[in-house]
Amino acid sequence: QVQLVESGGGLVQAGDSLRLSCAASGRTFSTNAMGWFRQAPGKQREVVAAITSGGYTSYLSSVKGRFTISRDNAENTVYLQMNSLKPEDTAVYYCAASTSAMVVTSTRVQTWGQGTQVTVSS
């Protein structure tokens, strides 16, 4: 079982950047697809970005071109670089390890991180 700890959230202004980190411990996570989800108040949790075990990435359409997901298997860490942040990006962001090497969906999540708050002011 992989354990996940996120860091890097905070309060920023619109247009600023943040980088979230997700440190994994336990057994190696290199065979898991990893994802970043977010949940805003009153809304469902949604997958923002995902990366397969082989490094293939995918993004929610509203963040494409602004967010970049990456992974460092040697450091057991997944990152989410968020640029040109908008107030609608405000949410709690969760790191997740998938049971699959290729697919990240909420039903396939093996382990959730505790979440980190990102607040973007206008």
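Look up: the structure comes first, before these words.
Keep in mind the model is a prediction, meaning the values are calculated, not measured.

1. Thoughts on the overall build of the protein chain
Thinking step 1. Of the regular secondary structure elements, the protein chain holds zero helices and 11 strands.
Thinking step 2. Each helix (α) and strand (β) of the protein chain, taken in turn from the N terminus, gives the series β-β-β-β-β-β-β-β-β-β-β.
Thinking step 3. Taking 122 residues into account, the globule formula puts the C-alpha radius of gyration at 14 Å, and the protein chain, at 13 Å, falls close to it.
Thinking step 4. Considering only C-alpha atoms, the protein chain reaches an extent of 40 × 25 × 25 Å along its principal axes.
Thinking step 5. Counting the 122 residues in the protein chain, one finds 43% classified as buried.
Thinking step 6. Put simply, of all contacts in the protein chain between residues at least 6 apart along the chain, 58% involve residues at least 24 apart.
Thinking step 7. Surface summary for the protein chain: the accessible area is close to 6,000 Å², and the carbon and sulfur share equals 48%.
Thinking step 8. With 10 positive and 7 negative side-chain charges, the protein chain shows a separation of 8 Å between the mean positions of the two kinds.

2. Structural notes on the nonpolar core
Thinking step 1. Counting residues in hydrophobic clusters, the biggest one holds 27 residues, and the most contacted among them are Leu4, Met34, Trp36, Phe67, Leu80, Met82 and Tyr93.
Thinking step 2. Going through the elements one at a time, β1 (2-7), β3 (18-26), β4 (34-39), β5 (46-51), β7 (67-72), β8 (77-82), β9 (91-98) and β11 (116-121) are the ones with two or more residues in this core.
Thinking step 3. Contact partners of Leu80, with chain neighbours within four places excluded, come to Leu18, Arg19, Leu20, Trp36, Ala49, Phe67, Thr68, Ile69 and Tyr93.
Thinking step 4. Counting seven residues, the second largest nonpolar core, distinct from the first, contains Ala33, Ala50, Tyr94 and Ala96.

3. Looking at the state of the cysteines
Thinking step 1. Considering all chains together, one arrives at one disulfide under this definition.
Thinking step 2. Put simply, Cys22 and Cys95 are joined by a disulfide, and their sulfur atoms are 2.1 Å apart. Between Cys22 and Cys95, the S-S dihedral sits near -80 degrees, and the bridge is therefore left-handed. Separated by 73 residues along the polypeptide, Cys22 in strand β3 and Cys95 in strand β9 bring together distant segments of the chain.
Thinking step 3. According to the relative accessible area criterion, Cys95 is buried, its value standing at 0%.

4. Section: the side chain of Thr116
Thinking step 1. With respect to the secondary-structure elements, Thr116 resides in strand β11.
Thinking step 2. One polar contact links the side chain of Thr116 to the main-chain amide nitrogen of Gly9, over a distance of 3.3 Å.

5. Some thoughts on the pattern of salt bridges
Thinking step 1. Tallied over the full model, the rule gives three salt bridges.
Thinking step 2. Glu46 is paired through a salt bridge with Arg38; the nearest N and O atoms lie 2.9 Å apart.
Thinking step 3. Look at Glu46 and you get partly exposed, because its relative accessible area is 30%.
Thinking step 4. Of the residues examined, Arg38 reaches a relative accessible area of 6% and is grouped as buried.
Thinking step 5. Here Asp89 ties to Arg38 by a salt bridge, and the two come within 3.0 Å at their closest N and O atoms.

Calculation rules
The numbering scheme is per chain: residues are counted from 1 as the chain's sequence reads. Restriction of local features to residues with pLDDT of at least 70 applies here, the model being predicted, together with a cutoff of 80 or more for giving and counting side-chain atom pairs; totals for whole chains, interfaces and linings are based on all residues. Only hydrogens and water are set aside; all other atoms, that is, all heavy atoms of the structure, feed into the side-chain values. Numbered from the N terminus, helices here are DSSP runs of H or I no shorter than four residues, and strands are runs of E no shorter than two. With the radius of gyration taken over C-alpha atoms, the globule rule is written as 2.2 Å times the number of residues to the power 0.38. For each residue, the accessible area found with a 1.4 Å probe, counting protein chains only, is set against the maximum for its type, and the residue is called buried under 20%, exposed over 50%, and partly exposed in between. We call two residues in contact whenever any of their non-hydrogen atoms come within 4.5 Å of each other. To measure how exposed things are, a 1.4 Å probe is used in the Shrake-Rupley method; for residues, cover is taken only from the protein chains shown. We count Lys and Arg on the positive side and Asp and Glu on the negative side, and we leave His and both chain ends out. Charge positions are represented by NZ for Lys, CZ for Arg, CG for Asp and CD for Glu. Side-chain atoms within 4.5 Å are what join buried Ala, Val, Leu, Ile, Met, Phe, Trp, Tyr and Cys residues into a set we call a nonpolar core. Criterion for a disulfide: a pair of cysteine sulfur atoms within 2.5 Å. Whenever two N or O atoms come within 3.5 Å, that pair is a polar contact, provided that in protein one can donate a hydrogen and the other can accept it, and provided that, for residues adjacent in sequence, both atoms are side-chain atoms. For this document, the term salt bridge refers to a Lys or Arg side-chain nitrogen within 4 Å of an Asp or Glu carboxyl oxygen.

Honestly, it's all geometry; don't read function into it.
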